Structures are given as structure tokens and as C-alpha cells.
Amino acid sequence: MKITDITMQKAQFAFNKPFEIAFTVLYGFETMVLRIDTDEGITGYGEAGPLEYVTGDNLDTCMVIAGQFREKLIGMNPLAIQSIHRIMDGMYHGHTAVKAAFDIACYDIAAKRAGLPLYKFLGGDDPCLESDVTIGIGTPQSMAEDCLSWKKSGFNILKIKLGHDIETDAERIKAVRKAVGDDIVLRVDANQGWSVKDTLQIEPLLRQLKIELIEQPVRDFDFEGLKEIKTGTCLPVIADESCHLPQDALRLCSMRACDGLNIKLMKCGGIEKAIRINAIAEAAGVFCMLGCMGESVIANTAAMHLAAAMKNISKIDLDITFFSHCDWITGGFTSEGGKITLLDEPGIGIRVNGF
Ligand SMILES: [Mg+2]
């Protein structure tokens, strides 16, 4: 099997309403959609959803580097995913979002060629999973209202963005728990917005409110701070922005700095690297969450397949398509509230019209 052509296109998606997290407000997102054609008539789709202040790359660098990868990869076997990663990593350090686009498209081709949905190709047997939905930062009252409305639309797990001053954060999380009651799972993500002291100060309240876990309380580089927090609480502590690549996972796990890792295809460079991170975590007794960036149903569904296949990925944070819609990229999965069922179609199972 040979790659005969690779094409890229920028795509824009708007959020239904502005979305605020600790360090920015987001109005929508742009991605690069990638198509790989082969000499066997099988086409694979991938996507890069860079987030400059997390992944260090942006859409323009993705387009330029994708063009350079294209030159190297046309004529290669798309099933040789290990070699393709070697080539991409040999050309550029980082730039994980564009690497993820190529990786996802190759896995789409490999699973289509095997005649299997990607989750089965990866060794999974269950197409069902349940995602949380993320609540952006607002006033305590607006967040409580948001949470109640997601609960009413069938979501059982809510991820609450915090990470501003802890006094207001405390009011926010109290208002949310009061609004949704005790039968909803609440996890919090401070997106690096707290110090170690902030976190340990708000921790008794989080325990009292039966919060499920604390995600990325401190700055991404502060592995020691993460470890201090993990040591100081019985609540699970998850690394997100601290964990990009398998080598980050290895360091975090070796240091016993966290209880869980939030893997995102755009941070690590795709499914192949995500599998390595999950293997490191599982060997260390650390669970994984699978999260997402600004991405359409292409990358989001690819991540769902991976999460469905890997038993150690026990928390799902793949909610981006609940906030935005797109009529030219369809399929992938059906959902009711946060309960997702992957389609029983070969590959990722998405359809892209006009590209
Ligand atoms: Mg996060």
C-alpha cells in the first residue's frame, strides 16, 4: 500500500457561546483537516487542532510543516506508522498537532483496510463510553445555571473550570454542587491557575463537596508542586498541561507526582504516542483521562476510539463537539447526554463532504 496524495485545508468552527478558562476566553477554533489518499482507493482523514499556548504550534505552522511532511511521506506505506513517526520526529521537535493529523489519518486507513472500526482495530470490544462536559469560568450563579442545564440535558459528569482566586473559586464550586445535587460527578480543572498553597487551602472544601478529582492545579513545569499536592490530599490529582509526550509521562510517573494523566492527541502527536503514554501510566498504576482541544468530529472521534479500546483510559473528557456543530464533517458517533456510542463503521467512521 502506498500514499499517493496528501491534502490539507483550514477549517473554522464557532462555539455556541464564548468559553472562559483560567488563562483565556475562547470564541471558536480553527483546525487543519488532512486527507491521505492511497493506491488501494482507501482514504484516511486526520486533523490538527493546535492551541498555541499549550502545544506551541499554530495553524500556519501546521500548514507549512504538513507540506514538508507531505513531500517525505508520499510513496510511503501508510500502515508503517512507526516509521512515519520516526520521519516526522526526525524533522521537527514538538509540533505535535500536525503530527497528530498524519497519525490519525494513517490509523483511519489501517482500520479501514482491516474492515474494522478503529476501536476494534486497537483491540477494544465496547463502542460505548461516557464523557463529561466542561463548564467554563463565570460567576458562581452563571456556572451553577450552566451546570443545571447540562444536567437536565442528560449529563452525569461535569468538569468545572476553576483557577482564578480561590475565594471566588470556592463560591463557584459551592454554588455548582448546591445547584446540581449529590448525584452528579464533579471534577475540577484549575488549568495551572493555583499555587500549591491555594490548592491545599481549597482542598478540604473540594473533599467536603465530594469532588472526584483535581486537574492541573499548578503550572505545567511544576512537577514538584504537583507531587506536593498529591501527597497532601486523598483526592486524585491529574496532570494535563504537565504531560505532553511519553517522556513527560515517564517522569511524572517515576516521581509519583500524580494519580492520573490527561492525554490529548494534539499534545502528544497522535494515537501511537497516546498508546505509549497509556502503557507507561498503566505500568505505574496511574489512570488516564482522554481529553481534547479545539477539534472537530474527526480528531474527537479518533480519541473516542482510542479511549474505548484502552481499559486504563477510565475518564473521558471528549466534549468539544457538544459545544459546536459542523455540517460538512459528520458521523463518528451518536450521543445521548454524555453517553457516546461509536458507529460500527470501518476506520474512524466519519464522512467529510467536499474535501
Ligand atoms: Mg485540562
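## Quick notes on the overall build of the chain
Right, so step 1: Within the chain one finds 13 helices and 16 strands.
Right, so step 2: By principal-axis analysis of the C-alpha atoms, the chain measures approximately 60 × 40 × 35 Å.
Right, so step 3: Taken across its 355 residues, the chain has 52% of its residues classed as buried.
Right, so step 4: Within the chain, contacts between residues at least 6 apart in sequence are counted, and of these 72% link residues at least 24 apart.

## Description of unusual backbone geometry
Right, so step 1: In this structure, Asn191 takes a positive phi of about 45 degrees despite not being glycine.
Right, so step 2: By the secondary structure assignment, Asn191 is in the loop between strand S7 (185-189) and helix H8 (196-208).
Right, so step 3: Located in the positive-phi region is Gln216, a residue other than glycine, with phi close to 35 degrees.
Right, so step 4: Take Gln216: it is sitting in the loop between strand S8 (214-215) and helix H9 (223-232).

## Concerning the packing of H8 against H9
Right, so step 1: In contact at an axis separation of 10 Å, H8 and H9 are set at 20 degrees when each is read in the N-to-C sense. Overall, the two elements H8 and H9 adopt an arrangement that is roughly parallel. Handedness of the H8/H9 crossing: right-handed. Every residue of H9 that contacts H8 at Val196, Thr199, Leu200 and Glu203 is listed here: Gly225, Glu228, Ile229 and Gly232.
Right, so step 2: Of the residues that constitute the contact of H8 with H9, the class distribution is 3 nonpolar, 3 polar and 2 charged.

## Digging into the domain arrangement of the chain
How large an interface is tends to be reported as the accessible area lost when its parts come together.
Right, so step 1: As assigned here, the chain comprises domain 1 (3-115) and domain 2 (120-352).
Right, so step 2: When each unit is reduced to the centre of its C-alpha atoms, the spacing between domain 1 and domain 2 is 22 Å.
Right, so step 3: Listed by contribution, the elements that provide at least two residues to the side of domain 1 that touches domain 2 are strand S1 (3-21), strand S2 (24-38), strand S3 (43-48), helix H1 (52-55), helix H3 (81-91) and helix H4 (96-114).
Right, so step 4: Among the elements that take part in the side of domain 1 that touches domain 2, H4 stands out by supplying 12 residues, more than any other.

## Points about the pairing of S2
Right, so step 1: Two strands pair when backbone bridges link them, and S1 and S2 are joined in this way by 14 bridges, in the antiparallel orientation. The partner of Lys10 across the bridge, within S2, is Met32.
Right, so step 2: Summarising the sheet, S2 and S3 pair through 6 bridges and their orientation is antiparallel. Bridge pairing links Arg35 to Tyr45 in S3.
Right, so step 3: The turn joining S2 and S3, which pair antiparallel and follow one another in sequence, is formed by 4 residues; a positive phi near 80 degrees is taken by Gly41.

## Remarks on the nonpolar core
Right, so step 1: In terms of nonpolar packing, the biggest core is built from 113 residues, with Leu34, Ala101, Leu261, Ala302 and Ala307 touching the most fellow members.
Right, so step 2: Ranked by residues supplied to this core, first place goes to H4 with 12 residues.
Right, so step 3: Both of domain 1 (3-115) and domain 2 (120-352) provide at least three residues apiece to this core.
Right, so step 4: Ignoring any residue separated from it by four or fewer positions in sequence, one finds Leu34 in contact with Ile6, Met8, Tyr45, Gly46, Glu47, Ala48, Ala66, Ala101, Phe102 and Ala105.

## A closer look at the sheet that holds S3
Right, so step 1: Here 3 strands make up an open sheet; going across it, the order is S1-S2-S3 and the pairing antiparallel. Strands at the two margins of the open sheet, each flanked by one partner only, are S1 and S3. Averaged over neighbouring strand pairs, the angle between their axes works out to 20 degrees when direction is ignored.
Right, so step 2: Here helix H2 (residues 59-73) sits on the sheet and contacts S1, S2 and S3; the angle it forms with S1, its principal contact strand, is near 160 degrees.

## A short note on the sheet that holds S7
Right, so step 1: Reading across the sheet, the 8 strands line up as S5-S6-S7-S8-S9-S10-S11-S12 and stay open at both edges, with parallel pairing between neighbours. Pairing within the sheet leaves two strands with one partner each, and these edge strands are strand S5 (133-135) and strand S12 (313-317).
Right, so step 2: Relative to S8, S7 runs parallel, the two sharing 2 bridges. Within the sheet, the bridge partner assigned to Val188 lies in S8 and is Ile214.

## A word on helix H13 (residues 297-309)
Residues separated by three or four positions in an α-helix point in the same direction, a consequence of the helix having 3.6 residues per turn.
Right, so step 1: With 13 residues, H13 should reach 18 Å at 1.5 Å per residue; the first-to-last C-alpha distance of 18 Å fits that figure.
Right, so step 2: Among the 13 residues that make up H13, 13 are buried, leaving the element largely enclosed by the rest of the structure.

Calculation criteria
- Residues numbered from 1 in each chain as written.
- Predicted model: local features only at pLDDT ≥ 70, side-chain atom pairs only at ≥ 80, totals over all residues.
- Helix = DSSP H or I, 4+ residues; strand = E, 2+ residues; numbered from the N terminus.
- Buried ≥ 20, exposed ≤ 12 C-beta atoms within 10 Å, placed from the backbone.
- Contact = placed C-beta atoms within 7 Å.
- Axes fitted to C-alpha atoms, helices over the stretch in contact; angles between N-to-C directions.
- Parallel < 35°, antiparallel > 145°, perpendicular 65-115°, else oblique.
- Left-handed = near helix turned anticlockwise from the far one by under 90°.
- Nonpolar A, V, L, I, M, F, W, Y, C, P; charged D, E, K, R; others polar.
- Domains from an automatic or database assignment.
- Pairing = 2+ DSSP bridges.
- Core = buried A, V, L, I, M, F, W, Y, C linked by C-beta atoms within 7 Å.
- Expected span 1.5 Å × (residues − 1).

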